[in-house]
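For reference, the chains in residue letters:
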Amino acid sequence: MMQKENHNNISGEVLHAIVNVWDQTNEMFTIPIVGRSMYPLIREGDNVLVECGYSQIRRGDIIAFRSENKLIVHRVLTISEKGTGFSFITKGDNVPHADPVVSHREIIGKVSAIKRGEKMLSLDTFAGRSTGWLIVRSTPVVRALCGFQRNIFTGNKQDRNKTIVNRGTRFLFLLFRKVIFFFMQRESARK
């Protein structure tokens, strides 16, 4: 999720300095969320609790990173290690395309919890990790279904059917994610 409101006016040097201070403290800090790219799990107006560093990041985790002088909070789809270090492929849960490759140097840290109002939802639970894993595993399925529908519905006469199938597919996966989020909230409330 882009941090449009607070960080569009911050120069790259200032953002870099802030992130370096955060990194040196080795503490957790919060980032306010602006945007809908991680909806329904993370909503506009939420705050996320971030642990500095990238050593404990796994597929399915949500991370905060720098991109073009903005802070972004997206889910990790893949991690690869090369001679120059780790690189990550990330994507917002509510967007159809993946982000450009993220270098380990751009990583601020891992999101460990979501704060919505007075409630805190931990992502370091079985339900949180399972949700991340399921979303990562479902991403290729959603892409395949969207590609399949494009192959079936071609031409102007079929645009309405294509739209219906596209919306239906997105609705089903949104419903699936909302059900998982509901169970995460219940697990968090029990603690």
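My aim in this report is to walk through the structure given alongside it, one point at a time. Just so you know, these numbers come straight off a predicted model, no measurement behind them. (Residues numbered from 1 in each chain as written. Predicted model: local features only at pLDDT ≥ 70, side-chain atom pairs only at ≥ 80, totals over all residues. Heavy atoms only, no water.)

The helix and strand inventory of the protein stands at four helices and eight strands. Along the protein, helices and strands appear, N-terminal first, in the series α-α-β-β-β-β-β-β-β-β-α-α. Pairs at least 24 apart in sequence give 61% of the contacts found in the protein among residues at least 6 apart. Of the accessible surface of the protein, which amounts to about 11,300 Å², a share of 55% is contributed by carbon and sulfur atoms. (Helix = DSSP H or I, 4+ residues; strand = E, 2+ residues; numbered from the N terminus. Contact = heavy atoms within 4.5 Å. Areas by Shrake-Rupley, 256 points an atom, 1.4 Å probe, with all protein chains shown as cover.)

This part is about the nonpolar core. One finds Ile42, Val48, Val50, Ile62 and Val73 to be the most contacted residues of the largest nonpolar core, which totals 18 residues. Among the nonpolar cores identified, the runner-up in size contains eight residues, and Ile57, Val76, Val102 and Ile107 belong to it. (Core = buried A, V, L, I, M, F, W, Y, C linked by side-chain atoms within 4.5 Å. Buried < 20%, exposed > 50% of the residue type's maximum accessible area, 1.4 Å probe, protein only.)

All right, on to the packing of aromatic side chains then. Following the criterion strictly, the structure yields zero aromatic pairs and no others. Just above the ring of Tyr39 sits the side chain of Arg36; from NZ or CZ to the centre is 4.5 Å. (Phe/Tyr/Trp six-rings, centres within 6.5 Å; stacked < 30°, edge-to-face > 60°. Lys NZ or Arg CZ within 6 Å of the ring centre and 35° of its normal.)

Summed over the entire model, instances satisfying the criterion amount to four salt bridges. Linking Asp61 and Lys110 is a salt bridge whose minimum nitrogen-to-oxygen distance equals 3.7 Å. Of this pair, Asp61 sits in the loop between strand 2 (47-52) and strand 3 (62-67) while Lys110 sits in strand 7 (residues 107-116), placing them 49 residues apart in sequence. What emerges from the salt-bridge pattern is a single network uniting Asp61, Lys110 and Asp124. (Salt bridge = Lys/Arg side-chain N within 4 Å of Asp/Glu carboxyl O.)

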